[in-house]
Amino acid sequence: MADTLTITDNRTGKTYEIEIKDGTIRADALRKIKTSDDDFGLMTYDPAFMNTASCRSAITLIDGDKGILRYRGYAIEDLAEQSSYIEVAYLLLHGELPNEAQLRKWSHEITHHTFVHEFLRKSMEGFRFDAHPMGKLVSMLGALSTFYPEAKKVRDDRTRREQIVRIIAKMPTLSAWAFRHSAGRPYVYPDNELSYCGNFLNMIFRMAEPRFEPHPVLERALDILFILHADHEQNCSANAARAVGSAETDPYCSLAAASAALYGPLHGGANEAVLHMLKQIGSVANVPEFITGVKNGSGRLMGFGHRVYKNYDPRAKVIKKLAHEVFEVTGRNPLLEIALELEKIALNDDYFVKRKLYPNVDFYSGMIYQAMGFPVDMFPVLFAIPRASGWLAQWQEMLQDPEQKIARPRQIYTGAELRPYVPMSARATKPAT
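What you are looking at is a predicted structure, and each value in this text was computed from that prediction instead of being measured.

(A) The arrangement of the overall build of the chain in detail. Within the chain, the secondary structure is distributed over 17 helices and five strands. Rg of the C-alpha trace for the chain: 25 Å, near the compact-globule value of 22 Å for 433 residues, within the 12% margin. Projected onto its principal axes, the C-alpha positions of the chain cover 80 × 65 × 60 Å. When the 433 residues of the chain are sorted by exposure, 46% land in the buried category. At a minimum sequence separation of 6, the contacts of the chain that also span at least 24 residues come to 70%.

Below you can see the structure in the form of structure tokens.
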């Protein structure tokens, strides 16, 4: 049986054979389907890339129907249980888990590039005290490009690797300082004796103590959350990093674009929406009434369902267990009981089961971050820190893919045909808008 697709164009009666490879056909193969020699050829129309593969990637596999997420072939559940974020970052970027010597070198490089230029610290003072920390992070990433002009040599392997290390190392510093600036607290410099996540907690929460010692449970919890958020295939922000990077834009500006995409409430703000929903419900007793409202269209169930997953998000299973461990240290979040009751009812209600609405990663993560002491406006920043390694892996893979060119999608023009220019004196008078 031939791996081809036979298309008959009813406009012309002509038949075409198009190769099928990896379950796809090449969009440009449709160009040969024409009604005449001067016809541009057939195009596909796919708003929001609902059924379009824009690249070949060996980084992350998602099988939404089966609830599978793997980084470089490793199940997310195994990585969350046995690995560390720094090791996972290495895996995403290099394709293999590091050996002991490689991990030691990688960790050393990341640890010793955490400091940022003092001019960048001073530029933070240009923001209002109440500026959103994500807006500050987007700006600071773009600003880093001006401190490392050599980063524009994106085809140079050594230069590219140096920037990758710098970005992963400096993301916690920039993020913590964005928080401290908003809180009116003095900046805390990195402590190279601490782990990646321990150092971030130090720069966030240290006050007057001579040395900050992060609680091991909270430190490990943050490490697991960072692993779970490290990459998620061709999402909005990864696509932004690839599209901007396809112009051979340096990684700082490419990741600023990715961060800006994550800043959007439809991408990075979902866990905040879950908290608002749980607060709105108010108590366990109100859950049945809320569920009824969702069914009749007067309410929205946040934290359930996903554009990719049509099964239980594997990250949500890990986070649910993690939430209980964190609350043993911080005290039980009063919203947890509402969340558990909401999940129990939704998972046993045919309305939600038939629609394959299962808890996703955002359902419990916001409660954990809140319990750890992070304000709601820091949630997308906490998403961006670990996702930097995934963005960089996607950006690097795009650069090394010989099939990739500068991103330039087609359009279907719906505007006016050629019109003669109308002098001002001949234009109809219309009210100002």
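After that view, the rundown keeps rolling.
(B) Fine view of the packing of aromatic side chains. For the structure shown, the criterion picks out 17 aromatic pairs. Of the aromatic side chains, those joined through ring pairs into one cluster are Tyr85, Phe179, Tyr196, Phe200, Phe205, Phe226, Tyr369, Phe374 and Phe379. Just above the ring of phenylalanine 40 sits the side chain of arginine 31; from NZ or CZ to the centre is 3.9 Å. For the cation-ring pair, arginine 355 lies above tyrosine 351, with the distance from its terminal atom to the ring centre recorded as 3.8 Å.

(C) Inspection of the packing of helix H3 (residues 100–111) against helix H6 (residues 157–183) at higher detail. At a minimum axis distance of 8 Å, the contact between H3 and H6 shows a crossing angle of 65°. As far as their axial angle goes, H6 and H3 are roughly perpendicular. Where H3 crosses over H6, the handedness of that crossing is right-handed. On H6, the residues touching Trp106, Glu109 and Ile110 of H3 are Arg161, Ile164, Val165, Ile168 and Ala169. Its residues assigned to classes, the contact of H3 with H6 comprises six nonpolar, no polar and two charged.

(D) Here's a closer look at a nonpolar patch on the surface. Together, Phe40, Met43, Tyr45 and Ile412 make up a nonpolar patch on the protein surface, roughly 420 Å² of accessible area in all. Position of phenylalanine 40 among the secondary structure elements: in the loop between strand E2 (15–19) and strand E3 (60–63).

(E) Region of interest: the sheet that holds E3. On the basis of which strands lie adjacent, the open sheet formed by three strands has the order E3-E4-E5 and antiparallel pairing. Of all strands in the sheet, those bounded by a partner on one side alone are E3 and strand E5 (74–75). Where E3 and strand E4 (residues 68–71) come together, four bridges link them in antiparallel fashion. Residue pairing across strands places aspartate 63 opposite isoleucine 68, the latter belonging to E4.

(F) Representation of the pairing of strand E1 (residues 4–8) in the model. Two elements, E1 and E2, share five bridges in a ladder whose sense is antiparallel. Looking across to E2, one finds that threonine 6 is bridged to glutamate 17. Connecting E1 to the next strand, E2, in antiparallel fashion are six residues, including glycine 13 with a positive phi near 85°.

(G) Here's a closer look at the pattern of salt bridges. All chains considered together, the criterion is met by 23 salt bridges. For the salt bridge of arginine 155 with glutamate 248, the shortest nitrogen-to-oxygen distance reads 2.9 Å. Taken together, the residues arginine 155 in the loop between helix H5 (133–147) and H6 and glutamate 248 in the loop between helix H9 (236–245) and helix H10 (251–263) connect sequence positions 93 residues apart. A relative accessible area of 40% means that glutamate 248 is categorised as partly exposed. Note that aspartate 157 is salt-bridged to arginine 160, the shortest N-O span being 2.8 Å. Placement of the pair is aspartate 157 and arginine 160 together in helix H6, with a separation of three residues, close to one helical turn. Given the relative accessible area of 53%, aspartate 157 is considered exposed.

(H) Spotlight on the pairing of E3. Side chains of E3 alternate between two faces, with Thr60 and Ile62 buried and Leu61 and Asp63 left unburied. Connecting the antiparallel pair E3 and E4 is a turn made up of four residues, with glycine 67 showing a positive phi of about 70°.

(I) View of the nonpolar core. Grouped together as the largest cluster of nonpolar side chains are 110 residues, with contacts concentrated most on Trp106, Tyr196, Phe200 and Leu342. In this structure phenylalanine 200 touches Pro172, Ser175, Ala176, Leu222, Phe226, Phe374, Met378, Leu382 and Ile385, once residues within four positions along its chain are discounted. The next biggest cluster of nonpolar side chains, apart from the first, holds five residues, and it includes Ile18, Ala29, Leu30 and Ile33.

(J) How the structure looks around the side chain of histidine 267. In this structure, histidine 267 sits in the loop between H10 and helix H11 (270–281). Classification of histidine 267 as buried rests on a relative accessible area of 16%. A distance of 2.9 Å separates the side chain of histidine 267 from the side chain of serine 237, its partner in a polar contact. Excluding residues that lie within four positions of it along the chain, histidine 267 makes contacts with Asn235, Cys236, Ser237, Ala261, Leu262, Phe383 and Arg387.

(K) Main features of helix H13 (residues 314–330). For H13, spanning 17 residues, the distance from its first C-alpha to its last is 25 Å, which sits close to the expected 24 Å at 1.5 Å a residue. Listed in full, the buried residues belonging to H13 are Pro314, Arg315, Ala316, Val318, Ile319, Leu322, Ala323, Val326 and Phe327. On its buried side, H13 packs onto E4, helix H1 (76–82), helix H8 (216–228), helix H14 (335–347), helix H16 (362–371) and helix H17 (379–400). Glycine 331 lies just past H13 and shows a positive phi near 100°.

(L) Spatial organisation of the environment of phenylalanine 127. The topology assignment puts phenylalanine 127 in the loop between helix H4 (118–123) and H5. With a relative accessible area of 23%, phenylalanine 127 lands in the partly exposed category. Note: C-alpha distance between phenylalanine 127 and histidine 181 (54 residues apart in sequence) is 8.7 Å. The contact partners of phenylalanine 127, leaving out residues within four places of it in the chain, are Lys136, Ser139, Met140 and His181.

(M) Expanded view of H6. Given a rise of 1.5 Å per residue, 27 residues ought to cover 39 Å, and the 40 Å separating the end C-alpha atoms of H6 matches this to within 8%. By the largest-angle criterion, lysine 170 marks the main kink of H6, which is about 40°, and a proline, proline 172, follows within four residues. Here H6 lies mainly inside the structure; 21 of its 27 residues are buried. Glycine 184, located one to two residues past H6, shows a positive phi value of around 70°.

Rules used throughout
Residues numbered from 1 in each chain as written. Predicted model: local features only at pLDDT ≥ 70, side-chain atom pairs only at ≥ 80, totals over all residues. Heavy atoms only, no water. Helix = DSSP H or I, 4+ residues; strand = E, 2+ residues; numbered from the N terminus. Rg over C-alpha atoms; globule rule 2.2 N^0.38 Å. Buried < 20%, exposed > 50% of the residue type's maximum accessible area, 1.4 Å probe, protein only. Contact = heavy atoms within 4.5 Å. Phe/Tyr/Trp six-rings, centres within 6.5 Å; stacked < 30°, edge-to-face > 60°. Lys NZ or Arg CZ within 6 Å of the ring centre and 35° of its normal. Axes fitted to C-alpha atoms, helices over the stretch in contact; angles between N-to-C directions. Parallel < 35°, antiparallel > 145°, perpendicular 65-115°, else oblique. Left-handed = near helix turned anticlockwise from the far one by under 90°. Nonpolar A, V, L, I, M, F, W, Y, C, P; charged D, E, K, R; others polar. Patch = residues over 30% accessible without salt bridge, like charges linked within 9 Å, V, L, I, M, F, W, Y side chains within 5 Å. Areas by Shrake-Rupley, 256 points an atom, 1.4 Å probe, with all protein chains shown as cover. Salt bridge = Lys/Arg side-chain N within 4 Å of Asp/Glu carboxyl O. Pairing = 2+ DSSP bridges. Core = buried A, V, L, I, M, F, W, Y, C linked by side-chain atoms within 4.5 Å. Polar contact = N/O pair within 3.5 Å; in protein donor to acceptor, adjacent residues only side chain to side chain. Expected span 1.5 Å × (residues − 1). Bend = angle between axes of the 7 residues up to and from the residue.

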